[in-house]
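Residue-level structural notes
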Amino acid sequence: MSPATTAETAPIAATAPTGSSGAPPPADLPSPCQNAVADVHEPLPPAVEAALWRGDQLGGPVAGVEPTGFADLDAVLPGGGWPCAALTEVLVSQFSVVELRLLTSMIAALTRSGRTVALVGPTLAPHVPGLRHDGVDERHLVWVDVDTPKDRLWSTEQLVKAGSCGAVIAWLPLVRAEQIRRLQVLAGHGRGPVFLCRPHAAARDSSAAPLRLLVKVDTDWEITVEVLKRKGSPVEGSLRLLSMPGGLDKIMTPRLRYPSRLVPVEPSYAVDSPVAAALREPDRVLSPAGA
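Residues numbered from 1 in each chain as written. Predicted model: local features only at pLDDT ≥ 70, side-chain atom pairs only at ≥ 80, totals over all residues. Heavy atoms only, no water.

**What about the overall build of the chain?**
Let me state the cut-off plainly: Numbering of helices and strands runs from the N terminus, with a helix taken as a DSSP run of H or I at least four residues long and a strand as a DSSP run of E at least two residues long. Throughout this description, buried means an accessible area under 20% of the type-specific maximum (1.4 Å probe, protein chains only), exposed means over 50%, and partly exposed covers the range between. Any pair of residues with heavy atoms lying within 4.5 Å of one another is described as a contacting pair. Accessible surface area values rest on a Shrake-Rupley calculation with a 1.4 Å probe, where residue burial reflects the displayed protein chains alone.
Looking only at helices and strands, one finds nine helices and ten strands in the chain. The buried share of the chain, reckoned over its 291 residues, is 35%. Considering only residue pairs separated by 6 or more positions, the chain has 61% of its internal contacts joining residues 24 or more positions apart. On the chain, roughly 18,200 Å² of surface is accessible, and the fraction owed to carbon and sulfur atoms is 58%.

**A few points about the packing of aromatic side chains**
Our working rule: Here is the rule: rings of Phe, Tyr and Trp (six-membered ring for Trp) pair when centre to centre is within 6.5 Å. Planes less than 30 degrees apart are stacked, more than 60 are edge-to-face, and the remainder are tilted. Charge-over-ring contacts are defined here by two conditions on Lys NZ or Arg CZ: a distance within 6 Å of the ring centre and an angle within 35 degrees of the ring normal.
Throughout the structure, instances matching the rule amount to one aromatic pair. Between Trp 82 and Phe 195 the ring centres are 5.2 Å apart and the planes differ by 90°, which places this aromatic pair in the edge-to-face class. One end of the pair, Trp 82, is in strand β2 (residues 82-83); the other, Phe 195, is in strand β7 (residues 194-199), with 113 residues separating them in the sequence. Each member of the pair, Trp 82 as well as Phe 195, carries the same accessibility label: buried. It is Arg 257 that lies over the ring of Tyr 258; its NZ or CZ is 4.7 Å from the centre.

**Here we look at helix α6 (residues 149-162)**
Spelled out, the test is: Helix span, expected: 1.5 Å multiplied by one less than the number of residues in the helix.
Under the 1.5 Å per step criterion, the end-to-end length of α6 is 20 Å for 14 residues, consistent within 8% with the ideal 20 Å. Those residues of α6 not exposed but buried are Arg 152, Leu 153, Ser 155, Thr 156, Glu 157 and Val 160. Residues of α6 that are buried sit in contact with β4 (117-120), β5 (141-144), β6 (167-171), α7 (177-187) and β7. Looking one or two residues past α6, Gly 163 carries a phi angle of roughly 70°, positive in sign.

**Some thoughts on the sheet that holds strand β9 (residues 222-229)**
How we decide: Being paired, for any two strands, means DSSP has found at least two bridges between them. Only the stretch in contact is used when a helix axis is fitted, and all axes are lines through C-alpha atoms; the angle between N-to-C directions ranges over 0 to 180 degrees.
With respect to topology, eight strands assemble into an open sheet ordered β5-β4-β6-β7-β3-β8-β9-β10, the strand pairing being mixed. In this open sheet, the two edge strands, each paired with only one partner strand, are β5 and β10 (239-242). Each strand of the sheet is rotated relative to its neighbour by a mean of 25°, with strand direction disregarded. Where strand β3 (residues 87-92) meets strand β8 (residues 211-218), four bridges bridge the pair, whose relative direction is parallel. Residue pairing across strands places Val 90 opposite Leu 213, the latter belonging to β8. Against the sheet, α7 engages β3 and β7, with an angle of about 135° to β3.

**Regarding the confidence of the model for the chain**
Test applied: The predictor attaches a confidence to each residue, and that confidence, scored 0 to 100, is pLDDT.
Across the chain, pLDDT averages 81, with 70% of residues at or above 70. In the predicted structure, residues 1-16 sits below a pLDDT of 50 and forms one contact with residues beyond four places in sequence or in another chain.

**Details of unusual backbone geometry**
Negative phi characterises most residues that are not glycine, and trans characterises most peptide bonds. A positive phi angle, close to 55°, is found at Ala 85, a residue other than glycine. On the secondary structure map, Ala 85 appears in the loop between β2 and β3. Of note in the backbone geometry, Ser 96 takes a positive phi value of approximately 60° without being a glycine.

Here it is in structure tokens:
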């Protein structure tokens, strides 16, 4: 092998890197692999852990919750109650029939503690004597009487943005997806829960609200709640919650307590005519009189 070939294939000696002054770097600097997290199972800070939600787990709101007053419903909601600093959609088939029966327990607890609850544009005027039977302190209940969709949305945004209410309940039959998204952002800066009462047809639409419920009136003074959306796995089936209007439980008779068990009873003085007997017995042939 010639000297030239030897020189070309000879290995090049590695030279140590030097700093800006020409001196080699300190030998005690950690290698890049040592700058990573030493233990991937190290617990996260509590605030970060509370804000982190994994898709296979039931989430929990960071800002806290307000109890619903129904143990079965609390058990399936993230955090165990109505999420604060967030939107909750209550979808109903007819306004002012069932939504307040679902929310009255929370309204009563907030108003008794001196916190204001605002009702924006309910389709019917709140019945104060009935709410008083449920324990609501009407001195801390604000009714915003607005009709047009623009006024409903504007009033809701101002109340949510102010953040001074213990809860805001707004009836918004006509609202767009981007407007709901804006309300969700505004609610995130507040402290109390925000509820949007919308028609049940809106269940087909997408929504930025992290919690969506479909609520219906059931028999025996119950309401049916179906959880359409929550932070966590889907809820199978629906919940049946006892929700009797305040004051009726003291005067309700056992017979009226379960309307589904009522069976029509034919009075003893009923006259059994030949036509009625023929309807009960189709095979019977009515013969002419005197035959």
